[in-house]
Amino acid sequence: MKLLPPISDPVFHQQSYSTVNKFFLRFINDERDLPFIYLLIKMSMILPPLALLLYMPFINGWLWWAIVIIFFVATFMFRTPFGLMIHCVSHRQFFKNRNKKLIYYITWFLGPFLGLTPETYFSHHIGMHHVENNMPDDDSSTMFYKRDSLKDFIKYVADFIFTGMAGLIFYLTKNNRKKLARRAFTGEMYFFAICIALCFLNWQATIVVFIFTFFVSRIIMMVGNWTQHSFIDPEHPDDFYRNSITCVNVRYNRIAWNDGYHISHHLKPTLHWTEHPNSFLANLDKYAANKAIVFDGIDFGGVFFNLMRKRYDILASHFVNINGVYKNDDEVIALLKNRTQRFTPGTIPAQHRVLNELQLLS
């Protein structure tokens with residue numbers, strides 16, 4: 001374990017803007033989201049043209065495979081920043097009201113190139129995950145799995161891929177969020193209808209551009225959610241401080257808009273991504289008092305990898321001992337192991353909805 005070092009994760013600094021930047025700022029609500037515009041421009045210039053080339057009949061042989069490799073490299077580069085940009089704009093309206101329909105370009109056009117089906121992320125994340133807070137009614141809850149078990153993780157992914165959409169629509173309908181249910185169903189069916197139609201044009205390109213990326217995207221999202229909610233206090237599973245984790249001082253936070261601050265995000269879902277580091281520092285005493293799990297210098301991928309290897313010693317070496325709560329690594333390891341145990345229905349305390357659903361859905 002270690003003491004908390006200085007925080008190097010990105011925050012906003014007031015700046016002057018070029019003429020081009022001022023033009024783009026006319027379209028968006030918050031100047032701090034200007035990097036999203038440049039991400040979207042780069043994606044638009046790279047992914048659709050590469051995908052189009054793969055459908056061209058005169059592109060074949062080694063050239064086709066070369067473009068496949070370039071496309072995969074591009075999706076690898078864009079997947080994290082774009083996926084977490086979607087996360088940010090799901091919680092805070094990106095475009096100004098007069099331009100708000102531009103969001104459809106992101107969700108209905110660009111998203112599918114990275115395997116993100118339109119409307120489903122928003123419906124799942126805002127309509128269910130934040131409302132239920134990883135508790136049993138959350139269809140992507142990690143509670144009923146042993147979170148340091150690769151076998152359980154594979155089962156978790158399989159459950160989500162094959163039954164997740166049905167579970168989401170059932171949940172949203174049951175809880176009178178029928179508009180979100182319709183949006184999720186429509187987006188999912190649109191994606192697969194397009195895939196089926198494109199298979200008649202070029203099935204090989206469709207597998208590469210859309211179907212393969214769809215499965216990669218779903219698996220990566222499950223790795224993220226699994227890791228973010230791997231360490232759950234058996235006595236307080238609905239406590240934000242005790243069922244999520246925080247990862248600080250990692251490159252991931254620079255490319256994923258401070259997504260490592262997952263406790264802070266659940267505490268204040270609409271807090272701007274640039275505000276999380278300072279919010280975290282301002283509430284260190286609460287993190288310590290609630291025995292929140294904070295890692296330094298290791299991101300969600302590293303936490304997941306070491307969990308699957310049961311390398312609690314490595315996780316403990318990255319654990320931040322805020323306010324000196326723990327005496328040694330052995331205490332930290334015991335804490336981490338205790339929080340990865342599988343829940344059973346009889347061991348779950350009564351659920352409490354601690355968030356305002358109307359605020360989340362507004």
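Residues numbered from 1 in each chain as written. Predicted model: local features only at pLDDT ≥ 70, side-chain atom pairs only at ≥ 80, totals over all residues. Heavy atoms only, no water.

Asks: Explanation requested: helix H2 (residues 34–55) in the structure shown.
Replies: Compared with an ideal rise of 1.5 Å per residue, which puts 22 residues at 32 Å, H2 spans 33 Å between its outermost C-alpha atoms and is within 8% of the ideal. The principal kink in H2, of about 30°, is found at Met43. Looking at the packing, one finds that the buried side of H2 touches helix H1 (19–25), helix H3 (61–91), helix H4 (103–110) and helix H7 (178–228). (Helix = DSSP H or I, 4+ residues; strand = E, 2+ residues; numbered from the N terminus. Expected span 1.5 Å × (residues − 1). Bend = angle between axes of the 7 residues up to and from the residue. Contact = heavy atoms within 4.5 Å.)

Asks: Is there a simple way to explain the nonpolar core in this structure?
Replies: When a protein is soluble and globular, its nonpolar side chains tend to lie buried together. Judged by nonpolar contacts, the single largest core of 74 residues is most densely connected at Phe82, Met85, Phe231 and Phe295. Apart from the residues within four sequence positions on either side, Met85 is in contact with Phe36, Leu39, Leu40, Ile106 and Trp257. Within the second largest apolar cluster, 12 residues are counted, among which are Tyr261, Ile263, Phe280 and Ala288. (Core = buried A, V, L, I, M, F, W, Y, C linked by side-chain atoms within 4.5 Å. Buried < 20%, exposed > 50% of the residue type's maximum accessible area, 1.4 Å probe, protein only.)

Asks: It is not clear to me how the pattern of salt bridges should be interpreted in this structure. Could you clarify?
Replies: A full pass over the atoms with the stated rule returns 13 salt bridges. Lys2 serves as the salt-bridge partner of Asp296, at 2.9 Å between the closest nitrogen and oxygen. Here Asp296 is found in strand E2 (residues 293–296), whereas its partner Lys2 is found in the segment before H1, with 294 residues between them in sequence. The partly exposed category is assigned to Lys2, whose relative accessible area is 27%. The residue Arg311 makes a salt bridge to Asp313 at a minimum N-O spacing of 2.7 Å. Using a relative accessible area of 29% as the deciding quantity, one classes Arg311 as partly exposed. The structure contains a network of salt bridges with shared partners spanning Asp30, Arg32, Arg92 and Glu275. (Salt bridge = Lys/Arg side-chain N within 4 Å of Asp/Glu carboxyl O.)

Asks: Sorry, what's going on with the packing of H2 against H7 here?
Replies: For any two helices packed against each other, one specifies the inter-axial angle together with the distance between the axes. Put simply, H2 and H7 touch, their axes get as near as 9 Å, and they point 135° apart. Judged by the angle between their axes, H2 and H7 are oblique. As H2 packs across H7, the resulting crossing turns out to be right-handed. Within the contact between the two elements, H2 uses Ala51, Leu54 and Tyr55 and H7 uses Leu198, Leu201, Asn202, Ala205, Thr206, Val208, Val209 and Phe210. Its residues assigned to classes, the contact of H2 with H7 shows 9 nonpolar, 2 polar and no charged. (Axes fitted to C-alpha atoms, helices over the stretch in contact; angles between N-to-C directions. Parallel < 35°, antiparallel > 145°, perpendicular 65-115°, else oblique. Left-handed = near helix turned anticlockwise from the far one by under 90°. Nonpolar A, V, L, I, M, F, W, Y, C, P; charged D, E, K, R; others polar.)

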